[in-house]
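# Structure assessment
Okay, here's what each chain looks like letter by letter:
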Amino acid sequence: MILAVIVGLAVGTYAFRLAGVVLRERVALPDRVQVLLPMAAATLLAALAATATFMDAGVFAGVARPAGVAVGAVLAWRRAPFVVVVVAAAVTAALLRLAGIE
């Protein structure tokens, strides 16, 4: 059953990618839609990041995870190296959890 789901998702993903290449010249999108599509992608990514930051299995994840993400975001904004961003975010969340702050 799981293998069938994985294969189905793989085929669907490939079909979407192939449709974009094949239909690129055949389908003309209005100018307004072409302007909004990149913003829609960024909005979807931001919503996914916010959901992953604040929720865990449908409930609030606690304070430690958002605090770690905030530390990582600030360091990324300040252009810190990627390893420093990831380690600082993980250490922040771990220390808060160790202190009993979920």
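These numbers come from a predicted model, not from an experiment. (Residues numbered from 1 in each chain as written. Predicted model: local features only at pLDDT ≥ 70, side-chain atom pairs only at ≥ 80, totals over all residues. Heavy atoms only, no water.)

## Here we look at the packing of helix α3 (residues 64-77) against helix α4 (residues 82-98)
Where α3 contacts α4, the two axes come as close as 8 Å, and the packing angle between them is 155°. Taken together, the axes of α3 and α4 are roughly antiparallel relative to one another. In the packing of α3 onto α4, the handedness of the crossing is right-handed. Contact residues: α3 offers A64, R65, A67, G68, V71, G72, L75 and A76, while α4 offers V84, V85, A88, A89, T92, A93, L96 and R97. (Axes fitted to C-alpha atoms, helices over the stretch in contact; angles between N-to-C directions. Helix = DSSP H or I, 4+ residues; strand = E, 2+ residues; numbered from the N terminus. Parallel < 35°, antiparallel > 145°, perpendicular 65-115°, else oblique. Left-handed = near helix turned anticlockwise from the far one by under 90°. Contact = heavy atoms within 4.5 Å.)

## Let's talk about the confidence of the model for the chain
Confidence in the prediction for the chain averages 90 pLDDT; 100% of positions are at 70 or higher. Within the chain, the lowest mean pLDDT, 86, falls on strand β2 (residues 59-60), and the highest, 95, falls on α4. (pLDDT = per-residue confidence, 0-100.)

## Here's the deal with the environment of A61
Here A61 shows up in the loop between β2 and α3. The exposure class assigned to A61 is buried, which follows from its relative accessible area of 17%. Sequence separation between A61 and R78 is 17 residues, and the spatial gap between their C-alpha atoms is 26 Å. Those residues in contact with A61 that sit more than four places away from it in its chain are T53, F54, M55, D56 and E102. (Buried < 20%, exposed > 50% of the residue type's maximum accessible area, 1.4 Å probe, protein only.)

## Comments concerning the pattern of salt bridges
Charged atoms that come close allow side chains of opposite charge to pair. For the coordinates displayed, the defined rule picks out one salt bridge. Across the pair D56 and R65 runs a salt bridge, and its minimum N-O distance is 3.7 Å. Its relative accessible area of 42% is what places D56 among the partly exposed residues. For R65, a relative accessible area of 24% puts it in the partly exposed group. (Salt bridge = Lys/Arg side-chain N within 4 Å of Asp/Glu carboxyl O.)

## A look at α4
Compared with an ideal rise of 1.5 Å per residue, which puts 17 residues at 24 Å, α4 spans 24 Å between its outermost C-alpha atoms and is within 8% of the ideal. The set of residues buried in α4 consists of V85, A89, T92 and A93. Buried residues of α4, seen end-on, are gathered within an arc of 90° and therefore sit on one face of the element. Residues of α4 that are exposed and angled more than 90 degrees away from the buried face: V83, L95 and L98. Buried residues along α4 sit against α3. (Expected span 1.5 Å × (residues − 1). Arc of directions from axis to C-beta.)

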